[in-house]
Amino acid sequence: MTKKILLASHNAHKKEEFKAILEPLGYDVIGTDDINDQSEVVEDGRTFIANARIKARYYYEKYHMMTIADDSGISIRYLNGFPDIHSARFLSDLPYKEKNDLIVRMMRDISDRYAYYTCAISLMDKDVDEDFIGIMEGTIATSPEGKNGFGYDPIFIPRGFDLTLAEMPAELKNRISHRYMAIKGLVDYLAH
């Protein structure tokens, strides 16, 4: 029997990633757009987990169905961890292509290119309030490469690879990503 999970997100790319990982395990992932809810939840937490919890709690209390929310972003050591929880809101009036170009320019002559992605997932349901974290380490590319993925994927090279996330097929990205690691924790929890 398929179990419904509400993903507290309007992001179609994110929904596709969650669907690709959770649907083979028997979960029907629906996004807020699928239920015609265009609410904008204020993410004013100071951590990825806090922001994920804000969204999950809002939608769970509104619809009383199993709800997951995530907050994720990239942290760059040379930039003192920035943009971190501000990843989506960093220069929000610009498309990601321009954001990526700017970051690459800011790091043009920098040898320390270490960065990591974090994904925090919060699960809310009746008598359930759990959080899961995934981290993927890597480096910032010297130029944006690739057409797959979204966000900062064209400038992030995961540790152990020489391709950006945007150059990888979705199946590979979905097996190594920060989101996959957090979802794996979620899935392990749901299986028990």
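Residues numbered from 1 in each chain as written. Predicted model: local features only at pLDDT ≥ 70, side-chain atom pairs only at ≥ 80, totals over all residues. Heavy atoms only, no water.

**Focus on the environment of asparagine 148**
Filter applied, for reference: Helix and strand labels come from DSSP, where a helix needs a run of H or I of at least four residues and a strand needs a run of E of at least two; each type is numbered from the N terminus. Contacts are assigned to residue pairs that have any heavy atoms within 4.5 Å of one another.
Looking at where asparagine 148 falls in the secondary structure, it is placed in the loop between strand 5 (128-140) and strand 6 (156-158). Linking asparagine 148 and isoleucine 68, residues 80 residues apart in sequence, is a C-alpha distance of 24 Å. Setting aside chain neighbours within four positions, we find asparagine 148 in contact with Asp153, Ala166, Glu167, Met168 and Pro169.

**So, the packing of helix 1 (residues 12-22) against helix 5 (residues 178-191)**
Filter applied, for reference: Note on geometry: axes are lines fitted to C-alpha atoms, helical ones only across the stretch in contact, with angles between N-to-C directions running from 0 to 180 degrees. An angle below 35 degrees is treated as roughly parallel, one above 145 as roughly antiparallel, one from 65 to 115 as roughly perpendicular, and anything else as oblique. Each crossing is labelled by how the near helix is turned from the far one, with a counterclockwise turn of less than a right angle marking it left-handed and a clockwise turn marking it right-handed.
At their nearest, the axes of helix 1 and helix 5 sit 11 Å apart, and the two run at 45° to each other. With respect to helix 5, the element helix 1 is oriented oblique. Here helix 1 runs over helix 5; the crossing is right-handed. Residues Lys14, Glu17, Phe18, Ile21 and Leu22 of helix 1 form the contact with helix 5, whose participating residues are Arg179, Tyr180, Ile183, Leu186 and Val187.

**Points about the side chain of serine 9**
What counts is decided by this rule: N or O atoms within 3.5 Å of each other form a polar contact, as long as, within protein, one can give a hydrogen and the other can take it, and as long as residues adjacent in sequence are counted only when both atoms are side-chain atoms.
Mapping serine 9 onto the fold places it in the loop between strand 1 (3-7) and helix 1. A polar contact of 3.0 Å, which involves the side chain of serine 9, links it to the backbone nitrogen of asparagine 11. Contacts of serine 9, omitting those with residues within four sequence positions, involve Lys14, Gly31 and Thr32.

**Focus on the confidence of the model for the protein**
Going by this rule: By definition, pLDDT measures how confident the predictor is in each residue, and it falls between 0 and 100.
This prediction gives the protein a mean pLDDT of 93; 100% of its residues lie at or above 70. Confidence, expressed as mean pLDDT per element, reaches its minimum in the protein at helix 1 with 84 and its maximum at strand 6 with 98.

**A short note on the pairing of strand 3 (residues 67-76)**
Under the convention used in this document: Each residue is assigned to one of three classes by its accessible area relative to the maximum for its type, calculated with a 1.4 Å probe on protein chains only: buried under 20%, partly exposed between the two thresholds, exposed over 50%. Two strands pair if DSSP finds at least two bridges between them.
Within strand 3, 10 of the 10 residues are buried, which leaves it mostly tucked inside the rest of the structure. Here strand 3 shows no split at all, with Thr67, Ala69, Asp71, Gly73 and Ser75 on one side and Ile68, Asp70, Ser72, Ile74 and Ile76 on the other all buried. For strand 1 and strand 3, the ladder comprises 2 bridges, and the chain directions are parallel. Paired with leucine 6 across the strands is threonine 67, a residue of strand 3. Sheet analysis places strand 3 next to strand 4 (residues 114-125), joined by 10 bridges and oriented antiparallel. Bridge pairing in strand 4 links alanine 69 to serine 122.

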